[in-house]
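Here is what each chain is made of, one letter per residue.
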Amino acid sequence: MQEKIIILDFGSQTTQLIGRRVRELDTYCEIVPYNKFPFGDETVKGVILSGSPFSVYDENGFKVDLSGIRGKYPILGICYGAQYISYTNGGKVEPAGTREYGRAHLAAFEAGNILFKGVRENSQVWMSHGDTITAVPEDFRIIASTDKVAVAAYQIKNENVWGVQFHPEVFHTEDGARILRNFVVDVCGCKQDWSPASFIETSVARLKEQLGDDKVVLALSGGVDSSVVAVLLNRAIGKNLTCVFVDHGLLRKNEFHNVMNDYECLGLHVIGVDARAKFFRELAGISEPEQKRKIIGKGFIDVFNEEAHRIKDVKWLAQGTIYPDIIESLSITGTVIKSHHNVGGLPEKMNLRLCEPLRLLFKDEVRRVGRELGMPEHLITRHPFPGPGLAVRILGDITPEKVRILQDADDIFIQGLRDWGLYDKVWQAGVILLPVQSVGVMGDERTYERAVALRAVTSTDAMTADWAHLPYDFLGKVSGDIINKVKGVNRVTYDISSKPPATIEWE
């Protein structure tokens, strides 16, 4: 059975980053709500408590009884997690004089402590908290301090329980990966045997058991996530899988034809559906982003319902949902950031059960699995593309003419990235059609045409992203090509916003 680390999520923005760092140690982990510990799961090797936007003394803060965990599993509390363990055992947590945010250095730490094995002197750590532990309980031992924080880390005497007020999961904590390794491997005893190959073996066996001889319909999008799901399911259930790829008219230029050829090469049974007229009709006059997403989501339900009823005895709907889809759709606090068509409750409306084999994987892990499955590299490295397609890259209402303009401009941008050897250095790229027109001059004539924005970001998991610092010469070339070749565009801009506070897509 696959051993795992459980991460209790108290609502921190970096909880998923903790999960990524543990996975990078070739150790499987699962992130669960702070009050949903899987008691009885014999594969659990250790527990990490995340940070939180709340204070430990906040009436609305997330609180949980740890008595059933402490003493049974090694525990590492991070930031709020560390404060919560100390506070609930009689320690003092008080507001810091000023918010402790940013770089700090371990001025002193217990080098012989297993948590700090291999950590360098004066190592940089990253702080991000408004409260601080001012006194620890009697049976706690302070094992690290910075020049401003007396209790940077502690251990409960004679127990495998640690707390750190800094964030070892973030890049700016220089020896953070080492600290997490010390906990996961040396303390918890994890064997570091989780890999794409083991994931495939486990998933195929689980899918065979879950699905049996049932028939499955898979919603293909053309992206790497649903493509990997298709190949994984094909390996598990073969002919019982039917894939449906819908052309809603909002794909990239020539994408429907190109992707159908790719799927044929993979040996998949794929039904291609031309639903362009339906989606354009239902989106006509709609400008509000969330409403556009919901219309497209419902459109997919309608199309899949129609196709599923043509497949005798289909019982399951498979989707390429991955971790960031779930995280962004509903946070632990219940706040919807944006809806994803992948996680909108389709089975309830389609009367099908849901199968999401990749729902606990990050994008880079999906790509590793794809390579292990032997998929073509151009499919694996394909940039993420939103389910609603170009609808969320056209600010305002959708018309066939706007889609034509955006497809042509986007094709020039993406092909340019490939020609300049930049495509694989960028996480995601695309063009946004802005709801404005600008004055220009072409030849001897004054023009009043559309403006577009180029968007390109670097990232590892889509949870955070930085704008890609593309060469000026490249941007100049693309701008000139778009203006000269795309009828209806006379101005090109470049988006230099990072996530957060912006998002990757504009809508």
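Let us look at the structure shown here. (Residues numbered from 1 in each chain as written. Predicted model: local features only at pLDDT ≥ 70, side-chain atom pairs only at ≥ 80, totals over all residues. Heavy atoms only, no water.)

**Focus: helix α2 (residues 80–87)**
- The buried fraction of α2 amounts to seven of the eight residues, a majority that puts the element mostly inside the structure.
- Along α2, the residues classified as buried are Y80, G81, A82, Q83, Y84, I85 and S86. (Buried < 20%, exposed > 50% of the residue type's maximum accessible area, 1.4 Å probe, protein only. Helix = DSSP H or I, 4+ residues; strand = E, 2+ residues; numbered from the N terminus.)

**Some words on the pattern of salt bridges**
- What the rule picks out here adds up to 33 salt bridges.
- The residue E365 makes a salt bridge to R23 at a minimum N-O spacing of 2.6 Å. Taken as a pair, E365 in helix α11 (residues 363–372) and R23 in helix α1 (residues 15–23) lie far apart in primary sequence, 342 residues in all. R23 shares its class with E365; the two are buried. (Salt bridge = Lys/Arg side-chain N within 4 Å of Asp/Glu carboxyl O.)

**A few points about the packing of aromatic side chains**
- Counted under the stated rule, the structure contains 19 aromatic pairs.
- Here F413 and F474 contribute two aromatic rings whose centre-to-centre distance is 6.2 Å and whose plane-to-plane angle is 35°, an arrangement assigned as tilted. Of this pair, F413 sits in helix α13 (residues 400–419) while F474 sits in helix α14 (residues 472–485), and the two are 61 residues apart along the sequence. Like F413, the residue F474 is buried in the burial classification.
- Through a chain of ring-to-ring contacts, the aromatic side chains of F10, Y34, F54, F62, Y80 and Y84 assemble into a single cluster.
- When the ring centre of F362 is taken as reference, the NZ or CZ atom of R20 above it lies at 5.5 Å. (Phe/Tyr/Trp six-rings, centres within 6.5 Å; stacked < 30°, edge-to-face > 60°. Lys NZ or Arg CZ within 6 Å of the ring centre and 35° of its normal.)

**Regarding the sheet that holds strand β11 (residues 241–247)**
- Ordered in space as β12-β11-β10-β13-β14, the five strands form an open sheet in which the pairing is parallel. Only two strands of the sheet have a single neighbouring strand rather than two, namely β12 (270–274) and β14 (353–355). On average, each strand axis in the sheet is inclined to that of its neighbour by 30°, with strand direction left out of account.
- In this structure, strand β13 (residues 314–318) lies alongside β14, joined through three bridges in parallel fashion. Bridge assignment links A318 to a residue of β14, and that residue is C355. (Pairing = 2+ DSSP bridges. Axes fitted to C-alpha atoms, helices over the stretch in contact; angles between N-to-C directions.)

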